[in-house]
Amino acid sequence: MPQTDVIIIGSGLAALTVAYHLRHKHVKIITKSSWSQSNSMLAQGGIAAAVANNDSWKNHFEDTIAAGCYHNNVKNVEYLVQEGPRELNEWIHRGVKFDCDTKGQLLLGKEGAHSHHRIIHAGGDATGKELTSFLFYQSKPYVQIVENEIAIDLIIEQNCCQGVNTKNNQGEINSYFASHVIIASGGCGAVYGQTSNTDVITGDGIAMAFRAGAELADMEFVQFHPTMLHINGKCVGLISEAVRGEGASLVTQNGEAFMHTIHHQGDLAPRDVVSRAIFDEMEKGNQVFLDISSINNFNSRFPTITALCKQYDINLASGKIPVSPGMHFLMGGIKTNENGETSIQHLFAVGEAACTGVHGANRLASNSLLEGLVFGKRIANYISSISAEVTHSRTTKNTAKQVNEKPKLPTKKQIQEIMSTYVGIQRSNTGLQLAIKWFEKYRDQISFQNINVKVFTINEIEVINMLTIGWIIATSAFKRTESRGGHYRIDYPERNDQNWQRKQVMITKSEMFVGV
């Protein structure tokens with residue numbers, strides 16, 4: 001198999017950004033489904049950038065740090081918010097059409113925990129789709145794209161990544177070699193039953209990096225989006241935070257608003273705060289709705305949400321949309337430095353699969369697409385600046401644990417039920433121990449750290465990856481004895497800055513430790 005310059009695993013916004021900026025090199029994108037099936041394509045919210053005259057990168061910085069509960073990597077946040085406006089202007093110059101008023105000025109929205117109107121949209125509530133599609137077609141002539149092929153394991157020799165093994169829908173194993181490998185496979189939404197993520201997001205890239213020996217960090221920090229469309233006990237789609245930014249409020253079935261009594265920013269409080277408030281109301285037996293009656297031209301402002309509501313026979317004329325929280329974003333992931341480098345040489349990570357520290361313990365709304373653009377370009381520039389001459393021994397020896405007899409694996413639904421029940425919005429010592437014990441029944445059989453996954457079907461590999469990620473989130477949550485951002489423990493309900501300020505729970509396949 002010929003060697004390429006760069007292999008990118010994943011096809012979302014972060015992946016395509018790297019590919020675009022490395023289009024002068026031989027780049028191969030490998031994605032487990034089609035290029036269009038990614039969380040980036042589902043992103044209804046916009047891109048946050050301090051472009052207004054009354055705004056500044058310092059304001060955006062402060063909002064990001066505050067929402068992240070002061071767990072953020074300060075230098076990376078500074079880079080994100082300073083580069084953001086420049087990056088947006090560059091994409092406008094390249095032809096991206098963002099929503100503007102009749103005078104051609106960008107329409108700026110406001111979302112939770114933002115102090116200023118700074119959210120830029122495209123296609124109303126289809127920003128992710130518009131931007132990702134634009135990037136795809138800009139990159140397509142220069143990049144080889146392999147679809148419907150799942151990356152199953154990295155090829156590692158002496159802590160150096162040489163490439164990746166994949167499996168296609170026919171069950172065939174392929175090996176691809178490259179000077180640099182970039183994991184841009186997204187988070188792990190499917191580990192939870194109620195999620196805004198597309199169902200292919202099963203944590204594959206992060207689990208694969210873990211098996212390879214890469215360091216993971218902040219895996220306990222899971223963000224639940226407060227407002228997903230809630231039909232018959234199930235979350236069926238996202239209702240963008242921009243709806244509350246336009247004036248919608250959260251109310252119970254009796255029309256009682258409750259967020260103003262919980263946080264000074266009311267309905268636009270940080271996502272972790274709003275999600276827990278809705279969770280508490282539902283625990284009391286209440287239903288929660290978004291009251292959209294104050295929003296004029298809702299249908300034209302939010303065409304994607306309007307179509308979703310019509311699909312489920314929601315009468316928007318009533319002014320009420322039933323909502324509940326669902327898993328949305330993983331703040332943790334594969335630990336990287338500012339250039340996207342992981343603890344394994346020539347292995348990079350970007351986007352939600354990576355933990356750059358920019359989101360801290362709780363991501364600020366509309367910072368994820370921004371992160372993909374800014375850090376995708378940063379990684380591409382860094383790879384362009386270093387020598388492409390990397391000599392690999394091209395070994396494919398496999399020291400992973402062989403499976404003599406296939407173990408009985410749980411279903412995806414069983415994993416989701418354990419995670420939602422014990423490792424969800426609220427956690428406790430007892431619940432986490434139950435979850436860990438359940439996961440370790442399977443770990444003892446198949447070793448999350450060191451297993452030859454080639455002999456399993458694609459569905460079984462996804463289950464193994466979900467088991468791996470679920471166990472890591474649960475054990476990391478058990479280790480962090482405080483509440484901060486997306487990690488809330490009822491037995492440690494307060495933030496403990498003395499012991500945990502900017503301390504990360506990190507894990508490799510050989511150890512778990514707390515570091516800075």
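To start, this report covers the structure provided alongside it. (Residues numbered from 1 in each chain as written. Predicted model: local features only at pLDDT ≥ 70, side-chain atom pairs only at ≥ 80, totals over all residues. Heavy atoms only, no water.)

### So, the packing of aromatic side chains
In step 1: Applying the stated criterion to the full structure yields 14 aromatic pairs.
In step 2: Centroid distance Phe136 to Tyr137: 5.0 Å. Interplanar angle 80 degrees. Geometry classified as edge-to-face.
In step 3: Centroid distance Trp438 to Tyr442: 5.1 Å. Interplanar angle 65 degrees. Geometry classified as edge-to-face. With Trp438 and Tyr442 both in helix H13 (residues 429-446) and four residues apart, this pair spans about one turn of that helix. (Phe/Tyr/Trp six-rings, centres within 6.5 Å; stacked < 30°, edge-to-face > 60°. Helix = DSSP H or I, 4+ residues; strand = E, 2+ residues; numbered from the N terminus.)

### Focus on the pairing of strand E9 (residues 173-183)
In step 1: Most of E9 is tucked away: eight of the 11 residues are buried.
In step 2: Bridge analysis of strand E1 (residues 3-9) against E9 gives six bridges, and the strand direction is parallel. Residue pairing across strands places Ile8 opposite Ile182, the latter belonging to E9.
In step 3: Relative to E9, strand E8 (residues 160-168) runs antiparallel, the two being bridged by five bridges. Directly across from Thr166, in E9, lies its bridge partner Asn174.
In step 4: Sheet analysis places E9 next to strand E17 (residues 347-349), joined by three bridges and oriented parallel. Across the sheet, Ile182 pairs through a bridge with Phe348, a residue of E17. (Buried < 20%, exposed > 50% of the residue type's maximum accessible area, 1.4 Å probe, protein only. Pairing = 2+ DSSP bridges.)

### Side note on the sheet that holds strand E18 (residues 354-355)
Hydrogen bonds between backbone groups are what pair the strands of a sheet, and the pairing can be parallel or antiparallel.
In step 1: Across the sheet, which stays open at both edges, the five strands sit in the order E18-E16-E10-E19-E20 with mixed pairing between neighbours. Each end of this open sheet is capped by a strand with a single partner; those strands are E18 and strand E20 (512-515).
In step 2: Helix-sheet contacts for helix H6 (residues 204-212) involve strand E10 (216-217), strand E16 (333-335) and strand E19 (504-507), and the interaxial angle to E16 is about 45 degrees.
In step 3: Strands in contact with helix H14 (residues 458-479) are E10, E19 and E20; relative to E19, the strand with the most contacts, it is inclined by about 140 degrees. (Contact = heavy atoms within 4.5 Å. Axes fitted to C-alpha atoms, helices over the stretch in contact; angles between N-to-C directions.)

### With respect to the nonpolar core
In step 1: Counting 65 residues, the largest nonpolar core has Leu154 and Leu467 as the members making the most contacts within it.
In step 2: Top element by residues in this core is H14. It accounts for 11 residues.
In step 3: Once residues lying within four places of it in the same chain are set aside, the contact partners of Leu467 are Leu409, Pro410, Ile415, Trp438, Phe439, Tyr442, Ile446 and Phe448. (Core = buried A, V, L, I, M, F, W, Y, C linked by side-chain atoms within 4.5 Å.)

### Regarding the state of the cysteines
In step 1: In this structure the tally under the stated criterion is zero disulfides.
In step 2: Residue Cys309 stays outside any disulfide, its sulfur separated by 13 Å from that of Cys235, the closest cysteine.
In step 3: Its relative accessible area of 0% is what places Cys309 among the buried residues.
In step 4: Among the cysteines around Cys355, which has no disulfide bond, Cys188 carries the closest sulfur, lying 12 Å off.
In step 5: Owing to a relative accessible area of 2%, Cys355 belongs among the buried residues under this scheme. (Disulfide = S-S within 2.5 Å.)

### Some thoughts on the sheet that holds strand E4 (residues 108-109)
In step 1: Ordered in space as E3-E5-E4, the three strands form an open sheet in which the pairing is antiparallel. Single-partner strands in this sheet number two, and they are strand E3 (47-48) and E4.

### What to know about helix H10 (residues 303-311)
In step 1: All of the buried residues along H10 are Ile305, Thr306, Leu308 and Cys309. The arc enclosing the buried residues of H10, seen along the axis, measures out at 160 degrees, which places them on a common side. For H10, exposure combined with an orientation more than 90 degrees from the buried face picks out Lys310 and Gln311.
In step 2: Packed against the buried residues of H10 are strand E11 (222-231), strand E12 (234-238), helix H7 (242-245), helix H9 (298-301) and strand E15 (320-330).
In step 3: Phi turns positive one or two residues past the end of H10, at Asp313, with a value near 60 degrees. (Arc of directions from axis to C-beta.)

### Details of empty space enclosed by the protein
In step 1: Taken as a whole and assessed by the stated rule, the structure comprises one cavity of 30 Å³ or more.
In step 2: Considered as a void within the structure, the largest cavity measures approximately 70 Å³ in volume.
In step 3: Around the largest cavity, the lining residues are Val222, Gln223, Phe224, Arg271, Asp272, Ser275, Arg276, Asn362, Ile425, Gly485 and Gly486.
In step 4: Looking at the lining of the largest cavity, the elements with two or more residues in it are E11 and helix H8 (271-283).
In step 5: Of all the elements, H8 adds the most residues to the lining of the largest cavity, at four residues. (1 Å grid on protein atoms, 1.4 Å probe; cavity = no way out; pocket = protein on both sides within 12 Å on 5 of 7 lines; lining within 4 Å. Points joined across faces, edges and corners; volume = space filled by probe spheres on them.)

### Let's talk about the side chain of Arg480
In step 1: Here Arg480 is to be found in the loop between H14 and helix H15 (497-500).
In step 2: At a separation of 2.5 Å, a polar atom in the side chain of Arg480 contacts the main-chain carbonyl oxygen of Lys503.
In step 3: Apart from the residues within four sequence positions on either side, Arg480 is in contact with His71, Asp218, Glu220, Phe221, His487, Arg489, Trp500, Lys503, Gln504 and Val505. (Polar contact = N/O pair within 3.5 Å; in protein donor to acceptor, adjacent residues only side chain to side chain.)

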